[in-house]
Amino acid sequence: MHTHEQFMHRALFIAQKGLPAAMPNPSVGAVIVHKDTIIGEGATSAFGGSHAEVNAINSVKNKELLKESTLYVTLEPCSHYGKTPPCADLIVKMQIPNVVIGCVDPYKEVAGKGIEKLKNAGVHVIVGVLEKKCIDSNQRFFTFIQKKRPYIILKWATSADGFVAPLEKNEQKPIWISNHYSRQLTHKWRSEEMAILVGTRTVLDDNPSLTTRDFIGKNPVRIYIDANHKIDASFAITNSASKTICLCAEFPLHPQDKIIYKKIDFKDLPAEVNSICVEENIQSIIIEGGTHTLQQFIDAASWDEARVFKSDVVLKEGVKAPELKKAVSIRVTTIQNDFLTFYTPSK
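The rules behind these values
- Along each chain, numbering runs from 1 in the same order as the chain's sequence is written.
- Predicted model: local features are reported for residues with pLDDT of at least 70 only, side-chain atom pairs are reported and counted for 80 or more only, and whole-chain, interface and lining totals are derived from all residues.
- The side-chain numbers reported here are obtained from all heavy atoms of the structure, hydrogens and water having been left aside.
- Comment: elements are numbered from the N terminus, with helices defined as DSSP H or I runs of at least four residues and strands as E runs of at least two.
- Burial classes: relative accessible area under 20% of the type maximum marks a residue as buried, over 50% as exposed, and values in between as partly exposed (1.4 Å probe, protein chains only).
- In this description, accessible areas are obtained by the Shrake-Rupley approach with a 1.4 Å probe, and a residue is regarded as covered only by the protein chains that are shown.
- Only four residue types enter the tally: Lys and Arg on the positive side, Asp and Glu on the negative side, with His and both chain ends excluded.
- All charge positions are set by atom: Lys at NZ, Arg at CZ, Asp at CG, Glu at CD.
- Identification of polar contacts relies on pairs of N or O atoms within 3.5 Å, with a donor-acceptor requirement for protein atoms, meaning one able to donate a hydrogen and the other able to accept it, and with residues adjacent in sequence counted only if both atoms are side-chain atoms.
- Between two residues, a contact is recorded if the distance between any of their heavy atoms is within 4.5 Å.
- Criterion used throughout: strands pair if DSSP finds at least two bridges between them.
- Note on geometry: axes are lines fitted to C-alpha atoms, helical ones only across the stretch in contact, with angles between N-to-C directions running from 0 to 180 degrees.
- UniProt positions are given in the numbering used here, feature names are shortened, and annotations may be inferred rather than shown by experiment.
- The span one expects for a helix is its residue count, reduced by one, times 1.5 Å.
- As used here, the arc is the angular range of directions from the helix axis to the C-beta atoms.

### Here's the deal with the overall build of the protein
Secondary structure assignment for the protein yields ten helices and 16 strands. In terms of its C-alpha atoms, the protein occupies a principal-axis envelope of roughly 70 × 45 × 35 Å. Counting across all 347 residues of the protein, residues that qualify as buried make up 50%. In the structure as shown, the protein presents an accessible area of about 16800 Å², 52% of it carried by carbon and sulfur atoms. In the protein, 42 positive and 38 negative side-chain charges are present, and the distance between their average locations comes to 2 Å.

Shown next, in the form of structure tokens:
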């Protein structure tokens with residue numbers, strides 16, 4: 001006999017299949033069980049498409065079995081009309097008698113209303129099975145709703161002696177500290193998040209394109225800081241590879257067609273970036289540099305993860321790496337000659 005936890009573990013596994021395409025929706029996993037046997041499964045479709053419960057119900061060949069089944073779902077079924085009809089209504093319509101829910105949806109349009117609708121229709125509902133794991137599986141969505149900011153990932157590469165770049169560069173291209181495989185992983189990470197941000201100096205020094213060219217996946221929204229419009233159309237970040245936002249002190253006299261300009265006062269960069277991300281419905285962002293930009297997010301305690309590569313390259317002098325404060329190392333791995341450490345803020 002399987003337990004509720006075992007079927008919820010399966011639903012969590014399926015939920016990961018929906019990422020990152022489901023964003024900014026949460027990616028949910030749903031499993032339908034009849035007499036201890038899974039008869040249907042589904043994950044959230046790409047944004048605007050069907051939710052996990054709909055996909056799971058549609059996957060059941062004999063719909064009559066639904067009347068004797070239990071639906072396991074990682075997040076409370078929606079009760080409102082968004083881009084799709086309410087999942088709670090469909091569950092009631094299909095006469096599914098039992099629903100086991102991982103966690104309550106924090107979004108104000110749902111927030112317990114889906115559970116209430118199911119109970120009012122006579123459905124037997126259990127809430128809170130593997131609750132923390134279910135919340136963690138959608139930490140970007142929960143952070144966005146509860147903290148009113150995106151899930152923030154800090155990322156940089158440092159030399160063995162603690163520098164992120166040499167003092168002088170003779171040509172406008174990156175000086176690679178990390179190895180090829182680490183850079184490829186960075187491109188995979190870009191495909192998994194909604195946006196990426198860099199400061200002015202990083203663009204001027206490295207001319208990055210901030211795309212996923214070394215990995216198959218969607219390019220993130222690119223955000224770059226350019227208070228006084230030093231970055232012209234010759235820079236790769238201004239091409240049409242993806243939606244691009246420029247943060248500036250004043251709107252330009254001659255705006256570039258492909259750029260969205262956002263005026264900020266630069267008094268509190270992290271707060272202003274967070275506000276723009278909420279405005280643009282961007283639920284996750286990677287801050288890729290440079291040191292000054294990264295340090296502002298660290299000092300403001302406005303971050304959720306840091307991913308730091310350390311190579312065996314020795315620079316002897318250069319631009320110092322950011323100083324990570326109030327952080328705890330949760331995992332270290334090696335990628336050939338690079339060490340990769342994952343940090344989270346200490347409680």
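Having seen it, we continue.
### Things to note about the side chain of Gln 295
Mapped onto the elements of the fold, Gln 295 is located in helix α10 (residues 291-299). With relative accessibility at 15%, the residue Gln 295 sits in the buried group. Among the polar contacts made by the side chain of Gln 295, one reaches the main-chain amide nitrogen of Glu 323 at a distance of 2.7 Å. With sequence-adjacent residues up to four places away left out, Gln 295 is seen in contact with Pro 322, Glu 323 and Lys 325.

### Here's the deal with the environment of Ile 135
Residue placement: Ile 135 occurs in helix α5 (residues 131-137). For Ile 135, a relative accessible area of 28% corresponds to the partly exposed category. Separated by 129 residues in sequence, Ile 135 and Gln 6 have C-alpha atoms that sit 17 Å apart. The residues contacting Ile 135, other than those within four sequence positions of it, are Cys 103 and Phe 142.

### Let's talk about the sheet that holds strand β2 (residues 37-43)
What the five strands build is an open sheet, ordered β2-β1-β3-β4-β5; its pairing is mixed. Only two strands of the sheet have a single partner each, and these edge strands are β2 and β5 (124-127). Along the sheet, successive strands turn relative to each other by an average axial angle of 15 degrees, direction set aside. Pairing geometry for strand β3 (residues 70-75) and strand β4 (residues 98-103), over five bridges, is parallel. For Leu 75, the partnering residue across the bridge sits in β4 and is Cys 103. The strands touched by helix α1 (residues 4-15) are β1 (29-34), β2, β3, β4 and β5; relative to β1, the strand with the most contacts, the crossing angle is about 140 degrees.

### Section: helix α9 (residues 269-279)
Listing the buried residues of α9 in full gives Leu 269, Pro 270, Glu 272, Val 273, Asn 274, Ile 276 and Cys 277. Backbone geometry just after α9 places Asn 281 at a positive phi near 60 degrees.

### With respect to the UniProt feature "domain: CMP/dCMP-type deaminase" (unreviewed entry) in the protein
With numbering aligned to this structure, UniProt lists the feature "domain: CMP/dCMP-type deaminase" (unreviewed entry) at residues 2-126. Taken end to end, residues 2-126 comprises 28% helix and 22% strand; its first and last C-alpha atoms sit 16 Å apart.

### Here we look at α1
Taking 1.5 Å as the rise per residue, α1 with twelve residues should run 16 Å; its terminal C-alpha atoms sit 16 Å apart, in good agreement. Within α1, the full set of buried residues consists of Phe 7, Met 8, Ala 11, Leu 12, Ile 14 and Ala 15. Projected down its long axis, α1 carries its buried residues within an arc of 160 degrees, all on one side. Buried residues belonging to α1 abut β1, β2, β3, β4 and α5.

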